[in-house]
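Each chain, letter by letter, is given below.
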Amino acid sequence: MADSYGNYGLLAETFRQMTTRSEDIERESRPRVLIVDDYPGLGSAWRRWLQLSYDIVGGVSDSGQVLRTAAELKPDVIVLDVLMPGTNGLDLCRDIRRTAPETKIILVSAADEEQVRSTAVSLGASAFILKSSEPQELDRAIQHALRGETYFPPLVRRYRLRN
């Protein structure tokens, strides 16, 4: 519908600005997540899944850039691979807890090891899940962390049949 002067362009531009601002406000109110994984395929998959509910502020594949990137982007949550080349995720978790104690850390690992899990707990990680977990598991871990809760689901046990 045109305004009283027949100016459709002004209405369209006003609507575009309102929509853009609304999207900006929604993005600003969504939890900010930084994804740290040296395998780009998995980081991309997590990004696609998580961007539905979270503001993905970045992705880092080099452990040497994690602390600087986290300081610059100030994420609410960091999804952090345990087995990174260079500085491992457990050491990075310890360093992040010192420099940004309010940031929640979700540690992810391909390894199903009780020692890694107990170290994650002692370092103050909010959650620990396996990389093989369904995307919903990562979402649950983030939700628990954002509520100030920990999330350490039971280990996935692998049994071998012996002859």
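All values derive from a computational prediction rather than experimental measurement.

Looking now at the overall build of the protein. From N to C terminus, the protein includes six helices and five strands. Scanning the protein from its N terminus toward the C terminus, one meets helices and strands in the order α-β-α-β-α-β-α-β-α-β-α. A total of 163 residues make up the protein; the buried ones form 36% of that total. Here the protein has roughly 9900 Å² of accessible surface; of this, 52% comes from carbon and sulfur atoms.

This next bit is on the confidence of the model for the protein. The pLDDT averaged across the protein works out to 82; a share of 77% of its residues lies at or above 70. Note that pLDDT drops below 50 for residues 156-163; the model gives that stretch five contacts with residues more than four away or on any other chain.

Our next topic: helix α4 (residues 89-99). Burial in α4 covers these residues: G89, L90, L92, C93 and I96. Viewed along the axis of α4, the buried residues span an arc of 155 degrees, placing them on a single side of the element. Turned more than 90 degrees away from the buried face of α4 sit R98 and T99, all of them exposed. Tucked into the core, α4 has its buried residues touching α3 (66-73), β3 (77-81), β4 (104-109) and α5 (114-123). With a side-chain oxygen lying 2.8 Å from the backbone nitrogen of L90, the N-terminal cap of α4 falls on N88.

Criteria and thresholds
- Residues numbered from 1 in each chain as written.
- Predicted model: local features only at pLDDT ≥ 70, side-chain atom pairs only at ≥ 80, totals over all residues.
- Heavy atoms only, no water.
- Helix = DSSP H or I, 4+ residues; strand = E, 2+ residues; numbered from the N terminus.
- Buried < 20%, exposed > 50% of the residue type's maximum accessible area, 1.4 Å probe, protein only.
- Areas by Shrake-Rupley, 256 points an atom, 1.4 Å probe, with all protein chains shown as cover.
- pLDDT = per-residue confidence, 0-100.
- Contact = heavy atoms within 4.5 Å.
- Arc of directions from axis to C-beta.
- Polar contact = N/O pair within 3.5 Å; in protein donor to acceptor, adjacent residues only side chain to side chain.

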